[in-house]
Amino acid sequence: MTRSWSRTSRVIAGTVTALAVLTACGGGDDTTNKADGPVTLTFWGWAKGSKDVVDAFNASHTDIQVTFEEIPSGTAGGYAKISNAVKAGNAPDLVSVEYSSLPEFVSSGALQDIGGEFTEADRAALLPQTVELTTLGGRTWAVPFDAAPQAFFYRKDLFAKYKVQVPTTWDAFKKAAEQVRKADAKARIATFFPDDPTTFEAMAWQAGAQWFKAENDTWKIDTTDAATTKVTAYWQGLLDAGLVHKNASFSPEWTGSLKNGTTIGYLGASWGAGVLKGTLPEQDGKWAVAPMPSWDGKPASGMLGGTSFAVTKDSDKKAAAVTFAEWMSTTEDGVRARIASGTSSAFPAATALRPVAKKAFDASYYGGQDIYALFEAAGASIRPDWAWGPTTGTTNTTIKDHFGKITQGGPGIADAVKAGHDATVAELTKRGLKVEG
């Protein structure tokens, strides 16, 4: 574990009293009495292929059965639904939680420590960055499912038509954006998503930013570091020059622009391969995947999303819930069931299962390109210095609200980031945590 991660763990351990409370929350499930029938779990999630995975698990297990409820994605209402259910005492046993939101659920006392069930040996088989993101206060709070390294998806037919080279640096990306607009006044190389701060944060992560640092018993917040300032200025420049669209992610406007060829690229993550394939089946064979442009042309990635599975605090079926979570994340059958559905291009945190994922995903949509080899290289380049703080909901909601106000000559990206910073400091202070920034 890196020094920055261990410091983060110490601060969370030292400042969040909920962790001590949770130690006493045993979750005494661990009584799968076959005479009384199978243990029945409830699981809430939204990731593509989740129902297929649950169906496959239920078909192959007799001692545990899972009831699945699809909920909105986390930031689209799923996290609020989970939080409300925890408060009301009727939460499901297992929930999907993205790495960015896990510290907030932990700090609010919503989850159980699963270190006794998900052991060090289990974690050793996973991408270290995902293990670090699920280890807080020296305890294990979730089973990592996937990593989500960044990737650039592009219409190879239109890039060829417009004679645009696939950019490997951000400088080249800007030049390519200018070429695309010059070739077709309505077309743009990519989109800025005003509703999705996580895409911007992944860009800052890739550039080397560290918004949250934990030292001794203090949270240090810095969104004005050189890396963030560089990314902010760069994207503001693209917006001011009209070189990218500005549409909400996965909105009818965004999807429509992909369908009619006025958006010819998508700055996403590994899971985006399944999204595009499912959204634009008529464009089979027209898309390709490239490494994310970087500032110096060398491989570098942040993480855009990424899912883990966590056991809620009141579940009395912890062992069974972890067994199911591990099956989803660390077995060939679990990974194959999700990806073979055709809608998921998940990049497993379990390194040994990447070949299984590659084989299960039909890459003919991308002309047979070995997209998993690209994801493998991108995953290895995920920068290890980024940590999430315990107030991601506040941070991202504030940035999202201010991203929506960005106008030519008016409020900009820097204003939104500053507002997110101020709201984060205020919320940490309100919770009685020591904060600098």
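Higher on the page you've got the structure.
Attention in this report is confined to the structure presented alongside it.

What counts, and at which threshold
Residues numbered from 1 in each chain as written. Predicted model: local features only at pLDDT ≥ 70, side-chain atom pairs only at ≥ 80, totals over all residues. Heavy atoms only, no water. Pairing = 2+ DSSP bridges. Helix = DSSP H or I, 4+ residues; strand = E, 2+ residues; numbered from the N terminus. Contact = heavy atoms within 4.5 Å. Axes fitted to C-alpha atoms, helices over the stretch in contact; angles between N-to-C directions. Polar contact = N/O pair within 3.5 Å; in protein donor to acceptor, adjacent residues only side chain to side chain. 1 Å grid on protein atoms, 1.4 Å probe; cavity = no way out; pocket = protein on both sides within 12 Å on 5 of 7 lines; lining within 4 Å. Points joined across faces, edges and corners; volume = space filled by probe spheres on them. Nonpolar A, V, L, I, M, F, W, Y, C, P; charged D, E, K, R; others polar. Core = buried A, V, L, I, M, F, W, Y, C linked by side-chain atoms within 4.5 Å. Buried < 20%, exposed > 50% of the residue type's maximum accessible area, 1.4 Å probe, protein only. Parallel < 35°, antiparallel > 145°, perpendicular 65-115°, else oblique. Phe/Tyr/Trp six-rings, centres within 6.5 Å; stacked < 30°, edge-to-face > 60°. Lys NZ or Arg CZ within 6 Å of the ring centre and 35° of its normal.

Turning our attention to the sheet that holds strand 3 (residues 94–98). Taken in spatial order, the 5 strands make up an open sheet running 2-1-3-15-6, and their pairing is mixed. Looking at strand neighbours, the two that pair on one side only are strand 2 (64–70) and strand 6 (143–144), the edges of this open sheet. Inspection of the sheet shows strand 1 (residues 39–45) paired to strand 2 by 7 bridges, in the parallel sense. Residue pairing in the sheet places Gly45 in a bridge with Glu70 of strand 2. Running over the sheet, helix 3 (residues 50–60) touches strand 1 and strand 2 and is turned about 165° from strand 2.

Turning our eyes to something else, we now look at the environment of Ser249. Position of Ser249 among the secondary structure elements: in the loop between strand 12 (245–246) and helix 12 (252–259). Counting along the chain gives 53 residues from Ser249 to Asp196, while the straight-line C-alpha distance between them is 6.9 Å. In contact with Ser249, other than residues within four places in its own chain, are Phe193, Asp195 and Asp196. Reaching out from Ser249, the side chain makes a polar contact with the side chain of Asp195 at a distance of 2.8 Å.

Attention now goes to the sheet that holds strand 10 (residues 212–215). The strands that make up a sheet are held in pairs by hydrogen bonds between backbone atoms, and each pair lies either parallel or antiparallel. Taking strand neighbours across the sheet as the criterion, the 3 strands line up as 10-11-17 in an open arrangement whose pairing is mixed. Two strands close off the open sheet at either side, each with one partner strand: strand 10 and strand 17 (434–436). Taken over all neighbouring pairs, the strand axes of this sheet differ in orientation by 30° on average, direction set aside. As defined by bridge partners, strand 11 (residues 218–221) adjoins strand 17 across 3 bridges and the pair is classed as parallel. Counted as the bridge partner of Thr218 is Lys434 from strand 17. Contacts from helix 19 (residues 413–430) reach strand 10, strand 11 and strand 17 within the one sheet, and its direction differs from that of strand 11 by about 170°.

The subject of this paragraph is empty space enclosed by the protein. Applying the stated rule across the entire model yields 4 cavities of 30 Å³ or more. Empty space within the largest cavity amounts to approximately 100 Å³. Forming the walls of the largest cavity are Thr191, Phe192, Phe193, Asp196, Thr199, Phe200, Met203, Trp235, Leu267 and Phe403. Per-element accounting of the lining of the largest cavity gives the leading share, 3 residues, to helix 10 (residues 197–207). Of the residues assigned to the lining of the largest cavity, the class counts are 7 nonpolar, 2 polar and 1 charged.

Below, the discussion takes up the layout of surface pockets. Taken as a whole, the second largest pocket spans an internal volume of roughly 210 Å³. Taken together, 18 residues line the second largest pocket, and the ones lying closest to its centre are Pro291, Met292, Lys298, Pro299 and Ala300. With 3 residues, helix 17 (residues 371–380) is the largest single contributor of residues to the lining of the second largest pocket. When the residues that make up the lining of the second largest pocket are grouped by side-chain class, the tally is 11 nonpolar, 6 polar and 1 charged.

A few words now on the nonpolar core. Membership of the largest hydrophobic core comes to 113 residues, with the highest contact counts inside it found for Ile189, Trp235 and Tyr366. By residue number, the principal contributor to this core is helix 14 (residues 318–330), which donates 7 residues. One finds Val95, Leu102, Ala110 and Leu111 within the second-largest nonpolar core, a separate group that totals 18 residues.

Before going further, it helps to spend a moment on the packing of helix 11 (residues 226–240) against helix 19. Each pair of packed helices can be described by the angle between their axes along with the distance between the axes. Running from N to C, helix 11 and helix 19 point in directions that differ by 140°, and their axes come no closer than 9 Å. Our classification of the angle between helix 11 and helix 19 gives oblique. For the pair helix 11 and helix 19, contact is made by Thr228, Thr232, Trp235, Gln236 and Leu239 and by Ile413, Ala414 and Val417, respectively.

This paragraph deals with the packing of helix 10 against helix 18 (residues 392–403). In the contact formed by helix 10 and helix 18, the axes pass within 9 Å of each other and the chain directions differ by 105°. When the axis of helix 10 is compared with that of helix 18, the two are roughly perpendicular. Only Thr395, Asn396, Ile399, Lys400 and Phe403 of helix 18 make contact with helix 10, whose side of the interface consists of Pro197, Thr198, Phe200 and Glu201. Looking at the contact of helix 10 with helix 18 residue by residue, the class counts come to 4 nonpolar, 3 polar and 2 charged.

One pair of aromatic rings is described through two measures. These are the centre distance and the angle between the planes. With the rule as written, the count across this model stands at 37 aromatic pairs. Aromatic side chains Phe200 and Phe403 sit 5.8 Å apart centroid to centroid with 85° between the ring planes, which places their arrangement in the edge-to-face category. With a gap of 203 residues between them, Phe200 in helix 10 and Phe403 in helix 18 connect regions that are remote in the sequence. Of the two residues examined, Phe200 and Phe403, each falls in the buried class. By the ring-pair criterion, three or more aromatic residues cluster together here, those being Phe152, Tyr154, Phe159, Trp170, Phe173, Phe192, Phe200, Tyr234, Trp235, Trp295 and Phe403. Against the face of Trp44 rests Lys81, its NZ or CZ located 5.0 Å from the ring centre.

What follows covers the side chain of Thr140. Within the fold, Thr140 resides in strand 5 (residues 139–140). A distance of 2.8 Å separates polar atoms of two side chains, one belonging to Thr140 and the other to Arg123. The residues contacting Thr140, other than those within four sequence positions of it, are Gln112, Asp113, Ile114, Gly115, Phe118, Arg123 and Thr134.

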